[in-house]
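# Topology and contacts: notes
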Amino acid sequence: MKFYRWLLITGIGLIFIGLIIYSITNLWDLKTIIPLAIGLGLTIFSLIKLDFTQIIKNRRFQYGSNAIIVILLVVAIVGLLDFFLARHTIRIDTTASKIFSLSDQTRKILKNLDKDVTVLAFVKDINKESVEDLLKEYAHLSKHFKYELIDPDEKPAIAKRHRVKAYGNLVIICNDREEQIDQATEEKITNAIIKVTREEKKKVYFVSGHGEGSITDNERYGFSKAKEAILEQNYEVEDLLLADKDSIPDNASVIVLPGPKKELFEHEKEMLKDYIDRGGSVLLMLDPRPSIGLIEFLKPYGVQVGDDIVIDASGLGRLFGAGPDIPLVANYGSHPIVSEMGNYMTFFPGVRSVRKDEENNDTKIKIVELAKTSPQSYAVKNFEEMYKTGKIKISKDDEKGPIPIAVAVTKNVEKDENKIRDKARLVVVGDSDFATNAYFSNQANGDLFMNMINWLLADEDLISIRPKSPDVRTVNMTPAQVKTVFWLTVIILPAISFIVGVLVYIRRR
Amino acid sequence: MSNIIAIFKRDARGYFTSPIAYIVIGLFLVVSGIFFYLMLRSFLQYSYAAMMQRAGYPINVNLMLIRPFLLNTSVIILFIVPIITMRSFSEDKKSGTMELLLTSPITNSQIIIGKFIASYLLYTVMVSMTFIFMIFLFIWGKPQFMPIFIGYIGILLLGAALVATGNFISSLTENQIVAAIGTFGATMLLWVIGFAGDFAGKVFGNILKYLSIIEHFDDFSKGIFDTNHLVFYLSLMLIMLFLTYQSIESSKWRG
């Protein structure tokens, strides 16, 4: 009798083990089926041997099983109720500045989310809490949103697989697309979700056919590194042979002219002009030599491209192994492209001046000078000889620095059926080498280039969300007051409670 | 109703005329008081440092002091509740008064509700004492009231679920020590069960995470009121009260 009772318990135990294994692996394989089958067999066998009918007739068994069934039923009903109520929750954030509430834009995006998005947050302990608070709010709003906090030191393999660049970075994943952001702010997370879930990828075209550097070229003067950086942001990069096209492709988000060495054909210029006038974005990188005729092309946009080369006499570049013909730039204008550059330096090997044309007073145009060389630099006009001999010669009439070398232009677009955006965007740089493979990783060159591309992309889908911060609520106490609190909370209050307890005890005796 | 009140009065008197209630409250106040004092001090140090540097994150006492304090208190509660509830049924069972109660015209559910309210009253008195700490903050600073209010609602809901659990386990045994240790084990299990959720499969893991009792308190400590957590605590309380009922009923046929 006793043996079979143990057999019954073993059988039920095995069934449970089988179910637990299934819940972990989610697979019906031998590991789950074997314990389940053996457990089931043992249970039935021992029940037969224990004379099943006898047990059932037992009064205690009847009451007991009744109670168990009722309990299971009640638990199941309450559980189901919870499950349904959990889908329709009311959530009220009572904090004064609503720090735990997401913006309406994010809510809308999460509501329409129909693909699974996973966020991997590679955070260390210090930031963990605030990051989790934020991600939790996202998870509350969509069942397609999952997140995981990962310590990059504990799980370096995962960090490596997602090419995590720094502590605190977040990787947003949707199917095979990934987007990495460096800060857990609502704006960045939501925009990353928009990017990875977007149906069609946007394209960045590099114009070819005029001796420009190529995006497939891995050598010094190629743009393969720039291409990689753009790909990482979930945009596509492609070559564009302008000459055999009738117009700029419709799916173009940005057109890059990476240092053309030959004149553009008239019809190519027409295409570009038409594209810009419809609200397109163009990045023009024009080297001092060979100088091509885009100078005239740019005049209507208020951009003045100088026929000169900037020589940096400050000697600062020497610290980084750069000669005077590679001006160092650490002086940036006020513009979204350069707002985060701070004191980071950028190199421009062989750069010509590009400045705002003060005489242009077209009200539709807004133009900002992005970067200037040091005050000890000169815009040298007659540099043909310098090119031949390699000797630097600064003459008296050469303009003294700071020399502007890059501008950003926005132009309002008039009513147009084929309008791409409300505002055309144009960035003109007096150099193309700064973004080539040779210099892309030097100092902040790559960052500057990517900032330009990102500004030109001007994703209308992307949104801006004002960052929330808690309201200021301080407590001001003198050390004496803190001490009072200590005495009151740790000594006096508990002591009162204990004394009352003793008094009660004495009175009862 | 009058029967419930009669049971409630009897049990409440039992708590407050014996030193146990005062010792539990005193103990709880010492522990949470020390934590409050230490957290207050480091919060003040942090805010002075931040003021000197005139930079960084805005100082917010609700987020930086009250929230961690409430979270901390919720964990202390896990340790204290077993002491509160250990005697509710066990003592009557041991002294034989339980049989008198069961044979009296008072129904079992009235007994259970009366006893639950009595031990819950002790719990409520105990946790509301910590509100004095908040008053200090209002005297010398300007915390926001609503998140604190929501936090205390959370503590009361958490307590309802825990006290009901303690009552159930106390109804299983006539030994108070066993009841206390059993309740402690149960509360610990309800606390750590969520961690297991990370390792289990998807559906099962989500269920385990849902059962984690402290996880549901997190939103309350932030000042967020979410009906999801309200439903969780109330249903846990109801299930535990129902189990207590079954456990009392079973004495009829268990023999």
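The shown structure was predicted, so the numbers you read here are calculated from the model rather than taken from an experiment.

### Looking at the packing of helix 5 (residues 104-111) of chain A against helix 8 (residues 186-197) of chain A
All names here are of chain A.
- Contact geometry for helix 5 and helix 8: axes closest at 11 Å, N-to-C directions at 30°. When the interaxial angle is binned, helix 5 and helix 8 end up roughly parallel. Regarding helix 5 and helix 8, the two cross each other, and that crossing is left-handed. Taking contact as the criterion, the partners of Thr106, Ile109 and Leu110 in helix 5 are, on helix 8, Glu186, Thr190, Ile193 and Ile194.
- Its residues placed into classes, the contact of helix 5 with helix 8 shows 4 nonpolar, 2 polar and 1 charged.

### Remarks on the sheet that holds strand 17 (residues 399-400) of chain A
All names here are of chain A.
- A sheet is described by the order of its strands in space; here 3 strands give the open sequence 11-16-17, paired in antiparallel fashion. The sheet terminates laterally at strand 11 (309-312) and strand 17, the two strands that pair on one side only.
- Pairing analysis gives 4 bridges linking strand 11 to strand 16 (residues 377-380), with the strands arranged antiparallel. For Ile309, the partnering residue across the bridge sits in strand 16 and is Val380.

### Remarks on the interface of chain A and chain B
- In this assembly, 56 residues from chain A lie in contact with 67 residues from chain B.
- In this assembly, chain A packs against chain B so that about 5400 Å² is buried in total across both faces, 67% of it on carbon and sulfur atoms.
- Area buried by chain A at its contact with chain B is led by Thr94(A), Arg473(A) and Val475(A), which between them contribute 13% of it.
- Between Asp133(A) and Lys222(B) there is a salt bridge, with the nearest N and O atoms lying 3.5 Å from each other.

### Looking at the packing of aromatic side chains
- With the rule as written, the count across this model stands at 27 aromatic pairs over all chains.
- Taking the centre distance of 6.1 Å and the plane angle of 65° together, the rings of Tyr4(A) and Phe45(A) count as edge-to-face. Placement of Tyr4(A) in helix 1 (residues 2-25) and of Phe45(A) in helix 2 (residues 30-49) is noted, with a sequence separation of 41 residues between them.
- Measuring from ring centre to ring centre gives 5.6 Å for Phe116(B) and Tyr120(B), while their planes differ by 10°; the resulting arrangement is stacked. Of this pair, Phe116(B) and Tyr120(B) both sit in helix 6 (residues 108-129), separated by 4 residues, roughly a single helical turn.
- Judged by its relative accessible area of 8%, Phe116(B) is buried.
- Put simply, the rings of Tyr210(B), Phe217(B), Phe220(B), Phe225(B), Phe232(B) and Tyr233(B) touch in pairs and so form one group of aromatic residues.
- Its guanidinium or amino end placed over the ring of Tyr221(A), Arg220(A) lies 5.8 Å from that ring's centre, counting from NZ or CZ.

### A look at the packing of helix 8 (residues 145-172) of chain B against helix 9 (residues 176-196) of chain B
Residues and elements named next belong to chain B.
- Between helix 8 and helix 9, the shortest axis-to-axis distance is 9 Å and the interhelical angle comes to 135°. Relative to helix 9, the element helix 8 lies oblique. Regarding helix 8 and helix 9, the two cross each other, and that crossing is right-handed. Contacts from Leu162, Thr165, Gly166, Ile169 and Ser170 of helix 8 reach helix 9 at Ala179, Gly182, Thr183, Ala186 and Thr187.

### As for the confidence of the model for chain B
Residue and element names in this part refer to chain B.
- When pLDDT is averaged along chain B, the result is 90, and 96% of the positions lie at 70 or above.
- Within chain B, the lowest mean pLDDT, 79, falls on helix 10 (residues 202-211), and the highest, 95, falls on helix 8.
- This prediction of the complex comes with two scores: 0.72 for pTM and 0.89 for ipTM.

### What to know about the nonpolar core
- Ranked by size, the top nonpolar core spans 81 residues in total, and within it Ile77(B), Tyr123(B), Met126(B), Met134(B), Leu137(B), Ile213(B) and Tyr233(B) carry the most contacts.
- With residues up to four places along the chain from it excluded, the contact list for Leu137(B) reads Val475(A), Phe36(B), Leu40(B), Val61(B), Leu65(B), Ile66(B), Lys142(B) and Pro143(B).
- Core analysis: the second largest hydrophobic core is formed by 42 residues, Met285(A), Val310(A), Val427(A) and Leu457(A) among them.

### Quick word on the pairing of strand 5 (residues 177-181) of chain A
All names here are of chain A.
- Taking every second residue as pointing to the same face, the buried face of strand 5 carries Arg177, Glu179 and Ile181, while none of Glu178 and Gln180 on the other face is buried.
- For strand 4 (residues 170-174) and strand 5, the ladder comprises 5 bridges, and the chain directions are antiparallel. The residue bridging Val171 from the neighbouring strand is Gln180, located in strand 5.
- Where strand 4 hands over to strand 5, the hairpin turn is made up of 2 residues, of which Asn175 adopts a positive phi near 50°.

About the criteria used
- Residues numbered from 1 in each chain as written.
- Chains lettered and ligands numbered in written order.
- Predicted model: local features only at pLDDT ≥ 70, side-chain atom pairs only at ≥ 80, totals over all residues.
- Heavy atoms only, no water.
- Axes fitted to C-alpha atoms, helices over the stretch in contact; angles between N-to-C directions.
- Helix = DSSP H or I, 4+ residues; strand = E, 2+ residues; numbered from the N terminus.
- Parallel < 35°, antiparallel > 145°, perpendicular 65-115°, else oblique.
- Left-handed = near helix turned anticlockwise from the far one by under 90°.
- Contact = heavy atoms within 4.5 Å.
- Nonpolar A, V, L, I, M, F, W, Y, C, P; charged D, E, K, R; others polar.
- Pairing = 2+ DSSP bridges.
- Buried area = accessible area lost by both parts, 1.4 Å probe.
- Salt bridge = Lys/Arg side-chain N within 4 Å of Asp/Glu carboxyl O.
- Phe/Tyr/Trp six-rings, centres within 6.5 Å; stacked < 30°, edge-to-face > 60°.
- Buried < 20%, exposed > 50% of the residue type's maximum accessible area, 1.4 Å probe, protein only.
- Lys NZ or Arg CZ within 6 Å of the ring centre and 35° of its normal.
- pLDDT = per-residue confidence, 0-100.
- Core = buried A, V, L, I, M, F, W, Y, C linked by side-chain atoms within 4.5 Å.

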